[in-house]
Amino acid sequence: MKLPELSELQAAGELVHRTLTPTAQICWPLLSRRVGAEVWVKHENHTPIGAFKVRGGLVYIDELKRQSTTRRVLAATRGNHGQSIAFAAARAGLAATIVVPRGNSLGKNNAMLAFGAQLIEHGRDFQEALEHAMTLSDEDGVTLVPSFDMSLVKGVASYALELLYAAPDLHTVYVPIGLGSGICGVILARDALGLKTEVVGVVSENAAAYALSFGARELISTNSADTLADGMACRVPVAEGLEIILAGVERIVQVSDDEVLEAMAHYLTDTHNLAEGAGAAPLAAVLQEKKRMAGKKVGLILSGGNADPDIVQRVLQHTAN
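These lines cover the structure that appears in this document, whether it is placed above or below.

Calculation notes
- Residues numbered from 1 in each chain as written.
- Predicted model: local features only at pLDDT ≥ 70, side-chain atom pairs only at ≥ 80, totals over all residues.
- Heavy atoms only, no water.
- Helix = DSSP H or I, 4+ residues; strand = E, 2+ residues; numbered from the N terminus.
- Rg over C-alpha atoms; globule rule 2.2 N^0.38 Å.
- Contact = heavy atoms within 4.5 Å.
- Areas by Shrake-Rupley, 256 points an atom, 1.4 Å probe, with all protein chains shown as cover.
- Lys, Arg positive; Asp, Glu negative; His and termini not counted.
- Charge placed at Lys NZ, Arg CZ, Asp CG, Glu CD.
- Pairing = 2+ DSSP bridges.
- Axes fitted to C-alpha atoms, helices over the stretch in contact; angles between N-to-C directions.
- Buried < 20%, exposed > 50% of the residue type's maximum accessible area, 1.4 Å probe, protein only.
- Phe/Tyr/Trp six-rings, centres within 6.5 Å; stacked < 30°, edge-to-face > 60°.
- Disulfide = S-S within 2.5 Å.
- Right-handed = clockwise from strand over helix to strand, strands pointing away.
- Parallel < 35°, antiparallel > 145°, perpendicular 65-115°, else oblique.
- Left-handed = near helix turned anticlockwise from the far one by under 90°.
- Core = buried A, V, L, I, M, F, W, Y, C linked by side-chain atoms within 4.5 Å.

Helix and strand counts for the protein stand at 14 helices and ten strands. The C-alpha radius of gyration of the protein comes to 18 Å, within 12% of the 20 Å expected for a compact globule of 321 residues. Its C-alpha atoms give the protein principal-axis dimensions of about 55 × 45 × 40 Å. Sequence separation of at least 24 residues holds for 74% of the intrachain contacts in the protein that already meet a minimum separation of 6. Of the roughly 12800 Å² that the protein leaves accessible, carbon and sulfur atoms contribute 49%. Each charge class in the protein was averaged separately, 28 positive and 35 negative side chains, and the resulting centres sit 4 Å apart.

Spelled out as structure tokens, the structure:
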């Protein structure tokens, strides 16, 4: 697989920055004290869709618009990928249809509708929604946007470049893994800049497909991905993503839903930021590894802040305990 060079990542970043300003990376003292390390948080919860995925959508749709006569884009999602595609499609004058599983996040559904997308509910999880979306992609003028693609990876790598330009001496960066575009973007940016920063992936123990695949060094799917961290609810990994992860990740940490809720509570009390489950997972992982990271300089990717009210209620209960 040919991977993009630094100049390509920088060009994608320039395209992204025409629409959004770079997000902040902040060293929070209370969070650092809690972890026992110098902790830098990359705030992807502060983008126009409240998540890092917007970056990939902007690059993918720009390339699609220049290379084809597509009139409508189609995507399957648990939320943030769909928001990204709906947002970018609207800016490019394209229609968007988004397929979500039944019972999906109401807040994310409403956000996609607000960006002008048509919403279809189908299936019990992301994989079934994706399989249904694939049956709808045969119409003329319709393009199915995958959840993992090198154009998406180039776009989301822009947040990694921002972080690593600002803090090139990070010892370790913890990154949540859904289908893998975010962590692959971090790996590509790290390698393109020639840095020695270790990249650690984070998955839900209830959606451990990438952790199992990493351990076996081959694709392993699971029968379910039932986690409150819907951004990590993957049960069928992607071959291209796993190839990059195997070559560039130090290890993958599994976290429980309870650990994720605790981490969301810590973000709220220590930084006054709302993190969604996947966004809080890296903090949950570094807290597992406090002894290992003691005294080091660590980056955490707060990948999104789109948590629904029922989850927020559970987080507030944790802050009161």
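Right, let's get into the sheet that holds strand β2 (residues 38-43). Pairing between the strands of a sheet is mediated by backbone hydrogen bonds and can be parallel or antiparallel. What the six strands build is an open sheet, ordered β1-β2-β10-β7-β8-β9; its pairing is mixed. Each of the sheet's edge strands pairs with one partner strand only, and the pair in question is β1 (25-27) and β9 (251-255). Taken over all neighbouring pairs, the strand axes of this sheet differ in orientation by 25° on average, direction set aside. The sheet contact formed by strand β8 (residues 198-204) and β9 spans five bridges and is parallel.

Turning to the environment of L193, a few remarks are in order. Tracing the backbone shows L193 in the loop between α8 (181-192) and β8. When its relative accessible area of 24% is taken as the criterion, L193 is described as partly exposed. Taking the C-alpha atoms as reference points, L193 and P168, 25 residues apart in sequence, are found 9.0 Å from one another. In contact with L193, not counting residues within four places along its chain, are L6, L161, L164 and Y165.

This paragraph deals with the packing of aromatic side chains. Within the structure shown, the criterion is met by two aromatic pairs. Summarising the aromatic geometry, the rings of F52 and Y159 are spaced 5.8 Å apart at their centres and angled 80° between planes, so their arrangement reads as edge-to-face. Taken as a pair, F52 in the loop between β2 and α3 (54-67) and Y159 in helix α7 (residues 150-166) lie far apart in primary sequence, 107 residues in all. Just as F52 is buried, Y159 falls in that class too. Measuring from ring centre to ring centre gives 5.4 Å for F87 and F115, while their planes differ by 80°; the resulting arrangement is edge-to-face. With a gap of 28 residues between them, F87 in helix α4 (residues 80-92) and F115 in the loop between α5 (106-114) and β5 (118-121) connect regions that are remote in the sequence. When its relative accessible area of 11% is taken as the criterion, F87 is described as buried. Taking relative accessible area as the criterion, F115 reaches 25% and is therefore assigned partly exposed.

A word on the state of the cysteines. What the rule picks out here adds up to zero disulfides. You can see C184 has no disulfide; the closest cysteine sulfur is in C234, sitting 12 Å from it. A residue is classified by how much of its surface remains accessible, and C184, at 0% relative accessible area, is buried.

So, on to the pairing of β8. Most of β8 sits inside the fold, with six of its seven residues counted as buried. On the question of chirality, the crossover connecting strand β7 (residues 172-176) to the parallel β8 by way of α8 is right-handed.

Right, let's get into unusual backbone geometry. Residues other than glycine seldom take positive phi values, yet R217 does so here, at roughly 60°. Mapping R217 onto the fold places it in the loop between α9 (209-216) and α10 (239-248). Classification of R217 as exposed rests on a relative accessible area of 55%.

At a closest axis distance of 7 Å, the pairing of α7 and α8 adopts a crossing angle of 60°. With respect to α8, the axis of α7 lies oblique. Once α7 is placed against α8, the crossing between them reads as right-handed. When α7 is examined against α8, the residues M150, V153, V156, A157, Y159, A160, L161 and L164 are found in contact with a partner set consisting of S181, G182, C184, G185, V186, L188, A189 and R190.

So, on to the nonpolar core. Core analysis: the largest hydrophobic core is formed by 47 residues, its most contacted members being Y159, V175, I183, Y210, I245, V249 and I252. Mapped onto this core, the elements with two or more residues apiece are β3 (72-76), α6 (126-135), α7, β7, α8, β8, α9 and α10. Among the elements that line this core, the one with the most residues is α7, at nine residues. With sequence-adjacent residues up to four places away left out, Y159 is seen in contact with K42, E44, F52, R55, V175, G182, V186 and I301. Listed in part, the 35 residues of the second largest apolar core include M264, A275, L283 and V286.

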